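Residues per chain, in single letters:
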Amino acid sequence: MRDNVILWWILTAFFALVGVVYTGWNILAHPDRELVTAIEWVGTVALFFTAFMSAMIAFYLDRTHRAQGGQLPEDILTADIDDGDPELGEFSPWSWWPIVLAGSAALGMIGLAVGQFLFPISIAIFVVAIVGWVYEYYRGNFAR
């Protein structure tokens, strides 16, 4: 993880440097304008915000690395694949409810974009899909 932190700090420095060069280049390209109008603000703000976001990710990863008090299995050369494979939970590979849920979300977006009458229908399908997904282990062959 330490390598990831270093890479994110390098990205932060790169985007900050590119932001400075980009802003300076715009100022030099338009010497006849005032300073405020010579700067191309969209690109300048985007580059500096990208540097800021990279710095936030680097800071978060650094704090996480220090808080865990050890190395991750990915950082140890003698680690096995199973060392970094945690238990993620119980999933139903036969369940159709996530597909219905995704369809209701798609229908909701289409309803917002095309016709307002589709949105309440998608909300009803969403509620049915959520209830079905949550309670699929309470009935049928897999009831507990």
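Residues numbered from 1 in each chain as written. Predicted model: local features only at pLDDT ≥ 70, side-chain atom pairs only at ≥ 80, totals over all residues. Heavy atoms only, no water.

(A) Structural context of the UniProt feature "transmembrane region" (unreviewed entry) in the chain. Here the UniProt feature "transmembrane region" (unreviewed entry) sits at residues 6-29, 41-61 and 117-135. Between the end C-alpha atoms of residues 41-61 there is a gap of 30 Å, over a span that is 100% helix and 0% strand. Helix and strand shares over residues 117-135 are 89% and 0% respectively, and the end C-alpha atoms of the span are 29 Å apart. (UniProt positions renumbered as here; feature names shortened; annotations may be inferred. Helix = DSSP H or I, 4+ residues; strand = E, 2+ residues; numbered from the N terminus.)

(B) Quick peek at the environment of G111. Of note, G111 is situated in helix 4 (residues 97-113). In the structure, G111 is positioned 28 residues away from D83 in sequence and 46 Å away in space, judged by C-alpha atoms. Excluding residues that lie within four positions of it along the chain, G111 makes contacts with Q116, L118 and F119. (Contact = heavy atoms within 4.5 Å.)

(C) Just the packing of aromatic side chains, in detail. The tally for this structure, following the rule as stated, stands at 3 aromatic pairs. Here the aromatic rings of W94 and Y137 are separated by 6.5 Å at their centres, their planes lie at 85 degrees, and the arrangement is edge-to-face. Here the residue W94 occupies a position in the loop between helix 3 (41-68) and helix 4, and Y137 occupies one in the segment after helix 5 (118-134), the gap between them amounting to 43 residues. On the accessibility criterion, W94 (40% relative accessible area) is partly exposed. (Phe/Tyr/Trp six-rings, centres within 6.5 Å; stacked < 30°, edge-to-face > 60°. Buried < 20%, exposed > 50% of the residue type's maximum accessible area, 1.4 Å probe, protein only.)

(D) Here's a closer look at the pattern of salt bridges. Following the criterion strictly, the structure yields 2 salt bridges and no others. In this structure, the salt-bridge partner of R2 is D62, at a minimum N-O distance of 2.9 Å. Taken as a pair, R2 in helix 1 (residues 2-29) and D62 in helix 3 lie far apart in primary sequence, 60 residues in all. Classification of R2 by relative accessible area gives partly exposed; the value is 41%. In this structure D62 comes out as buried when scored by relative accessible area, which is 10%. The partner of D62 in a salt bridge is R66, and the shortest N-O contact between them spans 3.4 Å. With D62 and R66 both in helix 3 and 4 residues apart, this pair spans about one turn of that helix. Using a relative accessible area of 57% as the deciding quantity, one classes R66 as exposed. One network of salt bridges, in which partners are shared, links R2, D62 and R66. (Salt bridge = Lys/Arg side-chain N within 4 Å of Asp/Glu carboxyl O.)

(E) Examining the environment of F49 more closely. Within the secondary structure, F49 sits in helix 3. The spatial distance from the C-alpha of F49 to the C-alpha of V127 is 38 Å, given a sequence separation of 78 residues.

(F) Main features of helix 1. Its 28 residues give helix 1 an end-to-end C-alpha distance of 40 Å, which sits within 8% of 40 Å, the value for a rise of 1.5 Å per residue. Within helix 1, burial applies to V5, T12, G19, T23 and N26. Elements that come into contact with the buried residues of helix 1 comprise helix 2 (35-38) and helix 3. (Expected span 1.5 Å × (residues − 1).)

(G) Representation of the packing of helix 1 against helix 3 within the structure. Relative to each other, helix 1 and helix 3 sit at 165 degrees, their axes nearing to 8 Å. It follows from the interaxial angle that helix 1 and helix 3 lie roughly antiparallel. Crossing angle aside, the handedness with which helix 1 passes helix 3 is left-handed. Along the lines of polarity and charge, the residues of the contact of helix 1 with helix 3 split into 17 nonpolar, 9 polar and 2 charged. (Axes fitted to C-alpha atoms, helices over the stretch in contact; angles between N-to-C directions. Parallel < 35°, antiparallel > 145°, perpendicular 65-115°, else oblique. Left-handed = near helix turned anticlockwise from the far one by under 90°. Nonpolar A, V, L, I, M, F, W, Y, C, P; charged D, E, K, R; others polar.)

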